[in-house]
Amino acid sequence: MAKRAPNKQQIYRDVLSAAIQLDLQLGYLKWTVSRLARVSGVSRTLIYYYFGKSKVSILMEATKLFGEELAGIADPAKPSLWASGEMVFAFMESRKLLRRIPGITAWYFLQREKETEVGRAIRKIEAAHLVKISRFFPGSSEE
């Protein structure tokens, strides 16, 4: 039986998961794309094709994914779930990301205070998420 080729979404997740894992293990940007290719099981050529040659651009994609999935910033379905009172379902959907990319939460907390492009992007996501929360829970504080 022939092995199915991974789809673009699976390749994307495999690369981002491996990049986060390497970033956690070795330190911010202290890994190589060659090592990323070995850990992710995706060729360097394909990584360059999807993400470009910049390691920062790979981590920015992970940051974008974090914002879209966990904070529900870019997903128009999540605010509608919140508005209809189905927040639990919205959070359950977000948990899928945590299972697919186990280190993303630890990585997020390590990056959020850094004065890097990734740290600034994470803080921007947090600010947008706080605006969303305050819209659904008027009178709530940032704490």
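Up top is the structure.
Residues numbered from 1 in each chain as written. Predicted model: local features only at pLDDT ≥ 70, side-chain atom pairs only at ≥ 80, totals over all residues. Heavy atoms only, no water.

A.B. asks: When you look at the side chain of Arg13 in this model, what are you seeing that I'm missing?
C.D. replies: Looking at the element boundaries, Arg13 is found in helix H1 (residues 8-26). Buried charge without a partner: Arg13 forms no salt bridge, and the closest opposite charge is Asp14, 6.5 Å away. Apart from residues no more than four positions distant in its own chain, Arg13 is found in contact with Arg100 and Ile101. (Helix = DSSP H or I, 4+ residues; strand = E, 2+ residues; numbered from the N terminus. Buried < 20%, exposed > 50% of the residue type's maximum accessible area, 1.4 Å probe, protein only. Lys, Arg positive; Asp, Glu negative; His and termini not counted. Salt bridge = Lys/Arg side-chain N within 4 Å of Asp/Glu carboxyl O. Contact = heavy atoms within 4.5 Å.)

A.B. asks: Looking at this structure, I do not really get the nonpolar core. What am I missing?
C.D. replies: Across soluble globular proteins, you tend to see nonpolar side chains buried next to one another. In terms of nonpolar packing, the biggest core is built from 28 residues, with Val15, Leu36, Ile47, Ile58 and Trp107 touching the most fellow members. Going through the elements one at a time, H1, helix H2 (33-40), helix H3 (44-51), helix H4 (55-69), helix H7 (104-111) and helix H8 (117-136) are the ones with two or more residues in this core. A per-element tally of this core places H1 first, with 7 residues. Here Ile58 is in contact with Val15, Leu16, Ala19, Trp31, Leu36, Ile47 and Phe51, once residues within four sequence places are set aside. (Core = buried A, V, L, I, M, F, W, Y, C linked by side-chain atoms within 4.5 Å.)

A.B. asks: I keep staring at unusual backbone geometry and nothing clicks. Help me out?
C.D. replies: Generally, phi is negative for residues other than glycine and the peptide bonds are trans, each holding for most cases. Positive phi is not limited to glycine here, since Leu29 has a value of about 60 degrees. Here Leu29 is to be found in the loop between H1 and H2. On the basis of relative accessible area, Leu29 is assigned to the partly exposed category, the value being 22%.

A.B. asks: Where do I start with the packing of H1 against H3 in this structure?
C.D. replies: The geometry of a pair of packed helices is captured by two quantities: the angle between their axes and the separation between those axes. Where H1 contacts H3, the axes come no closer than 11 Å and their chain directions differ by 100 degrees. Relative to H3, H1 is oriented roughly perpendicular. Between H1, through Lys8, Ile11, Tyr12, Val15 and Leu16, and H3, the contact on the second element is made entirely by Leu46, Ile47, Tyr50 and Phe51. When its residues are assigned to classes, the contact of H1 with H3 shows 8 nonpolar, no polar and 1 charged. (Axes fitted to C-alpha atoms, helices over the stretch in contact; angles between N-to-C directions. Parallel < 35°, antiparallel > 145°, perpendicular 65-115°, else oblique. Nonpolar A, V, L, I, M, F, W, Y, C, P; charged D, E, K, R; others polar.)

A.B. asks: Please clarify how H4 should be interpreted in this entry.
C.D. replies: Every α-helix winds through 3.6 residues per turn, so residues three or four apart in the chain are directed the same way. A rise of 1.5 Å per residue sets the reference length of H4, with its 15 residues, at 21 Å; its end C-alpha atoms lie 21 Å apart and thus fit the reference within 8%. Among all positions of H4, only Val56, Ile58, Leu59, Ala62, Thr63, Leu65, Phe66 and Gly67 are buried. Between the side-chain oxygen of the N-cap and the backbone nitrogen of Val56 there are 3.2 Å, and the N-cap of H4 in question is Ser54. (Expected span 1.5 Å × (residues − 1). Polar contact = N/O pair within 3.5 Å; in protein donor to acceptor, adjacent residues only side chain to side chain.)

A.B. asks: What am I meant to see in the packing of aromatic side chains here?
C.D. replies: Both the distance between ring centres and the angle between the ring planes are used here to describe each pair of aromatic rings. For the structure shown, the criterion picks out 4 aromatic pairs. Their ring planes at 70 degrees and their centres at 5.2 Å tell us that Tyr49 and Tyr50 sit as a pair that is edge-to-face. A relative accessible area of 27% places Tyr50 in the partly exposed class. The interplanar angle of 20 degrees and the centroid separation of 4.5 Å between the aromatic rings of Phe66 and Tyr108 together place this pair among those described as stacked. Separated by 42 residues along the polypeptide, Phe66 in helix H4 and Tyr108 in helix H7 bring together distant segments of the chain. Here Phe66 and Tyr108 have matching classes, each one buried. Through successive ring pairs, a cluster of aromatic residues spans Phe66, Tyr108 and Phe109. The ring of Tyr48 is capped by Lys53, whose NZ or CZ atom sits 5.0 Å from the centre of that ring. Across from the ring centre of Trp31, 5.5 Å away, lies the NZ or CZ of Lys55, which sits over that ring. (Phe/Tyr/Trp six-rings, centres within 6.5 Å; stacked < 30°, edge-to-face > 60°. Lys NZ or Arg CZ within 6 Å of the ring centre and 35° of its normal.)

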